[in-house]
There are 2 protein chains.
Amino acid sequence: MAEFELIAQHFSFGHKPNTVVLDKGDDCALIKPNPSSSNLLAITTDSLVAGTHFLADISPKALASRALNTNLSDLAAMGATPKWYSLALTLPKDIANNQTWLSEFSQQLAALSEEYGCYLIGGDTTSGPLAVTISIIGEVEHSQAMLRENAQVGDLVCVTGSLGDAAGGLQFVLDKDLTAVKPVYKQHLLARFNHPTPRVAFGLAVKQYVCCAIDISDGLVADLSHIVKASQVSAEIELSQLPVSDALVGQFGQTQACQYAATGGDDYELCFTVNPQHLMDINKIAEQTGIAVTVVGRITESDQSNHSVTTLLNGQVQQLTQLGYQHFA
Amino acid sequence: MAEFELIAQHFSFGHKPNTVVLDKGDDCALIKPNPSSSNLLAITTDSLVAGTHFLADISPKALASRALNTNLSDLAAMGATPKWYSLALTLPKDIANNQTWLSEFSQQLAALSEEYGCYLIGGDTTSGPLAVTISIIGEVEHSQAMLRENAQVGDLVCVTGSLGDAAGGLQFVLDKDLTAVKPVYKQHLLARFNHPTPRVAFGLAVKQYVCCAIDISDGLVADLSHIVKASQVSAEIELSQLPVSDALVGQFGQTQACQYAATGGDDYELCFTVNPQHLMDINKIAEQTGIAVTVVGRITESDQSNHSVTTLLNGQVQQLTQLGYQHFA
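Conventions and cut-offs
Residues numbered from 1 in each chain as written. Chains lettered and ligands numbered in written order. Predicted model: local features only at pLDDT ≥ 70, side-chain atom pairs only at ≥ 80, totals over all residues. Heavy atoms only, no water. Contact = heavy atoms within 4.5 Å. Buried area = accessible area lost by both parts, 1.4 Å probe. Salt bridge = Lys/Arg side-chain N within 4 Å of Asp/Glu carboxyl O. Polar contact = N/O pair within 3.5 Å; in protein donor to acceptor, adjacent residues only side chain to side chain. Helix = DSSP H or I, 4+ residues; strand = E, 2+ residues; numbered from the N terminus. Nonpolar A, V, L, I, M, F, W, Y, C, P; charged D, E, K, R; others polar. Least-squares fit on C-alpha atoms with pLDDT ≥ 70 in both. Pairing = 2+ DSSP bridges. Axes fitted to C-alpha atoms, helices over the stretch in contact; angles between N-to-C directions. Parallel < 35°, antiparallel > 145°, perpendicular 65-115°, else oblique. Left-handed = near helix turned anticlockwise from the far one by under 90°.

### A look at the interface of chain A and chain B
At the interface, 63 residues of chain A touch 64 residues of chain B. Summing the contributions of chain A and of chain B, the shared interface buries around 5200 Å²; its carbon and sulfur component is 68%. On the chain A side of the interface with chain B, the three residues burying the most area are A:F13, A:Y119 and A:I121, jointly 14% of the side's total. The interface formed by chain A and chain B includes zero salt bridges. Taken together, the connections running from chain A to chain B amount to 18 residue pairs in polar contact (both at pLDDT 80 or more). Taken together, the elements giving at least two residues each to the side of chain A that touches chain B come down to α1 (2–9), β2 (29–31), β3 (39–49), β4 (81–91), α3 (93–96), α4 (99–116), β5 (119–127) and β6 (131–141) of chain A. With nine residues, the top contributor of residues to the side of chain A that touches chain B is β5(A). Residue classes in the side of chain A that touches chain B are distributed as 30 nonpolar, 25 polar and eight charged.

What follows is the structure in structure tokens.
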């Protein structure tokens, strides 16, 4: 959403206090309430709005999953432990009076809160068009926070899980008549879209080796672009190496699957960069946590003015027609 | 909004961690990230949604004021020092492309951030129907937090400033043809509605004497009812003592002014209870800060099952037809 880069310009004001270690422009802000402690609080806020991030007929369970998990994913990308969150819920009258809807929404939120060890401390409920804003707070040691600005030339670019599944699932959300090649493909892709799995445990496990990470919400190329700009480097990725699921390839074919994997949003996998000397440690953690890790590229030098992500296909430069992801609107 | 009491039932789940001192049901949640420090973080979240809390033609300056000040007011009611906040902004396309609107909104936010010493750490911008959600964090010493549950039988019930002005201002917002008795009345009442003044400095100054406070967002009677329920007491207030402005009385007459003062929302004054022995200290602080304080009632005993607010007019019980405030919707 290019218009929102413009908006971001309007919200840089005031003198940054000493207590603010990192503010706008990473997955989370980092604050240091206690000057004598090296423990930081990582804070992030995400809004999901009907018609922009989801369709109004979304199931309450999927809405709860997506609302909390996108926030948890931001904490995962910082290597922060989830702790407390607040919930601002705007509900149309029919939903506010629908006990079944509310009960399913809250049960899913309760299940995820238990799974990820975070606690709902409060919030606000309002009448209006369906929207959910969650603000979550986690904890991270100052020296172990994974920042976008920490990529180093020579680092490997890695991703967790498989990419593009959520973009595939979105096609089924948008087109109710879309035929599934196999029912199990549709089921897998929709689950990946509706119930993203934040890589919290993985982020906590790798942060001792990894200094730079981001979660993939806008698409690999778009999100890796944030890393190279913040770190003042460039990157290249090899499209043939992108991890894609059997379901995605089976449903959409190799070419479209690759496009979704490079540019599709809402996967909420992690993209991180790591010094090659730690690759074995990372692979060990991948095995321990059961989360696949794939090396998809590397960080390269860039001249000062051009921090870019180059996409290669079998070693040859390959332009992607669509960079990033624009949600519904 | 009675429907939302029902909703609140759905969001009490999970085991409250030791780090959570106070959660849902007060102006702020209180958390204790550092077990060895007596400093707590006070956290609150408020959403303003077009059509519910304001009309879509609201000025960007008024929207910024109301969005931040309602949150600051929650911190004021806890006696907390404002520190950091995040902003989730949902904007229709025409506003997202309106540089003047964005600039006026952000300038007002910047001015208030400086005035109250808080800092915007991040947030989210989204396309959709106009809405603002702010989540703010303040700091307060554990022993000095002013809680709804701390009212004691025999305490005086006090309020800051004048009451009912915002309800009066709202009439001018809702009815563009409403004739002002004097232009200055309309100007005063609209300013009180559009630019509420959170009593942050006052809250910080009195918290050494005051254990129980709430900010008046839903109307004095409704908000005092929250106090008596949380403290398991009752209260009586004397309607003839409610502080009303010349503008409110001049515009609407004594009877309507009294009704607005007792039940009108959006004033964002503080209602607090205090042991009579500290009244002189409170009056001294009122003088120092330039914030009027009025004793409007007292906390009384209640039998276990009925924690209620009784309204008196010149000592006689007087029923109010309208208890609380229902916003626009």
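### Quick notes on the relation of the copies chain A and chain B
The two copies are related by a screw motion: chain A maps onto chain B through a turn of 180° and a shift of 0.0 Å along the axis, at an RMSD of 0.0 Å. A rotation of that kind, with that shift, is consistent with a two-fold axis. A high fraction, 100%, of the interface residues of chain A reappear at the interface in chain B, so the copies pair face to face through one surface.

### Some thoughts on the side chain of A:S47
Mapping A:S47 onto the fold places it in strand β3. At 2.7 Å, the side chain of A:S47 and the side chain of A:T133 are in polar contact. Apart from residues lying up to four places away in sequence, A:S47 is in contact with A:H53, A:V132, A:T133, B:A88, B:D124 and B:T126.

### Quick word on the pairing of strand β12 (residues 309–313) of chain B
Residue and element names in this part refer to chain B. Pairing between strand β9 (residues 234–238) and β12: four bridges, direction parallel. Among the inter-strand pairings, E238 is bridged to a residue of β12, identified as L312. One ladder, built from two bridges, connects β12 with strand β13 (residues 316–317); its direction is antiparallel. For L313, the partnering residue across the bridge sits in β13 and is Q316. In this antiparallel pair of consecutive strands, β12 and β13, the connection spans two residues, and N314 shows a positive phi of 50°.

### Brief notes about the packing of helix α5 (residues 165–174) of chain A against helix α9 (residues 246–263) of chain A
Residues and elements named next belong to chain A. Where α5 meets α9, the axes come as close as 10 Å, and the angle between the chain directions of the two elements is 120°. Classified by the angle between their axes, α5 and α9 sit oblique to one another. The handedness of the crossing between α5 and α9 comes out as right-handed. In this structure, α5 contributes D165, A167, G168, Q171 and F172 to the contact, and α9 contributes L248, Q251, F252 and Y260. Along the lines of polarity and charge, the residues of the contact of α5 with α9 split into five nonpolar, three polar and one charged.

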